[in-house]
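Structural features, examined
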Amino acid sequence: MMNTTSMLSTFAATSFALLNPLGMLPVFIGYTANLRGGAQAWLALLVSLTVLGLTLLFLLTGNAIIDFFGITLDSFRVAGGILLLLIGINIVTGDGGQAAKDLVVEAQASDFGEARSVYRQIVVPFAMPLLVGPGVIANLILYAGEARTAHDPLLFWGLVGVTVGVAIVAFLILLSGRPLRRLLGDVGLTILTRILGLLVASIGVQFVLTGLTNVIVHTIAPD
């Protein structure tokens, strides 16, 4: 029981750190800068539900999906890292900010309609891979494998519960975006967003290096 509790605590910490809703908040604020408060709340809910659906999908079926397509985790890290690198460069150069401003052109009369219109345009890359990226997916698959190997139903359902809890916390953080924007101001938000873009690009490079290193090591010294 103690081992299960410790594993769930570690899973909760790593899941939140890898999902990084606090780090992604400036990007979300940029997307919702010109939305009404109600529309922003609906958008935060839609994004959070998407995050919950994706994380549960990979927790429940991630190993089967990767096995079916014959993909290794290291290959996934390299591909996801390249994508994150490109997204980070886009944020740093400011192209992402312009795209965010253009999103509100299709605003609808109702808050939900406006949020749904923006959601269709930002679900990629914001929900995936910025929030649910290769690190999150790899973490989910690895812990699901541990639960399957241990034949521990309590651990498995604990992982499901933690995943739901992390998605709820992410929703609450995204919901706080509007007050944070008032606190930081436009200049502070711009600076924070550029720093975030650099960090996202760095994370992408790290994933590529880790994936390539593991591939080389396994090639030179196979199990």
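Every value quoted in this text rests on a predicted model; they were computed, and no experiment measured them. (Residues numbered from 1 in each chain as written. Predicted model: local features only at pLDDT ≥ 70, side-chain atom pairs only at ≥ 80, totals over all residues. Heavy atoms only, no water.)

Notes on the overall build of the protein
A tally of regular secondary structure across the protein gives nine helices and zero strands. Compactness check: the protein gives a C-alpha radius of gyration of 18 Å against a globular reference of 17 Å for 223 residues, within 12% of the reference. Across the protein, the fraction of contacts at a sequence separation of at least 24, relative to all contacts at a separation of at least 6, is 89%. Counting only carbon and sulfur atoms, one obtains 70% of the accessible surface of the protein, whose full area is about 11400 Å². Within the protein, one finds 10 positive and 11 negative side-chain charges whose respective centroids are separated by 12 Å. (Helix = DSSP H or I, 4+ residues; strand = E, 2+ residues; numbered from the N terminus. Rg over C-alpha atoms; globule rule 2.2 N^0.38 Å. Contact = heavy atoms within 4.5 Å. Areas by Shrake-Rupley, 256 points an atom, 1.4 Å probe, with all protein chains shown as cover. Lys, Arg positive; Asp, Glu negative; His and termini not counted. Charge placed at Lys NZ, Arg CZ, Asp CG, Glu CD.)

Some thoughts on unusual backbone geometry
Of note, the bond from V124 into P125 is cis; its omega dihedral lies within 30 degrees of zero at 20°. Tracing the chain through its elements places P125 in helix α6 (residues 111–131). Cis peptide bonds are those with omega within 30 degrees of zero, and the linkage from M128 to P129 qualifies with 15°. Here P129 shows up in helix α6.

Let's talk about helix α3 (residues 37–69)
Along α3, the helix axis deviates most sharply at T61, where the bend reaches about 70°. Positive backbone phi, at 70°, marks G70, one or two positions downstream of α3. (Bend = angle between axes of the 7 residues up to and from the residue.)

Notes on the pattern of salt bridges
A complete count under the given rule lists two salt bridges for this structure. Between D111 and R36 there is a salt bridge whose closest N-O contact spans 2.8 Å. Of this pair, D111 sits in helix α6 while R36 sits in the loop between α2 (21–31) and α3, and the two are 75 residues apart along the sequence. The exposure class assigned to R36 is partly exposed, which follows from its relative accessible area of 37%. Between E114 and R36 there is a salt bridge, with its nearest N and O atoms 3.2 Å apart. Of this pair, E114 sits in helix α6 while R36 sits in the loop between α2 and α3, and the two are 78 residues apart along the sequence. Salt bridges linked by common partners bring R36, D111 and E114 together as one network. (Salt bridge = Lys/Arg side-chain N within 4 Å of Asp/Glu carboxyl O. Buried < 20%, exposed > 50% of the residue type's maximum accessible area, 1.4 Å probe, protein only.)

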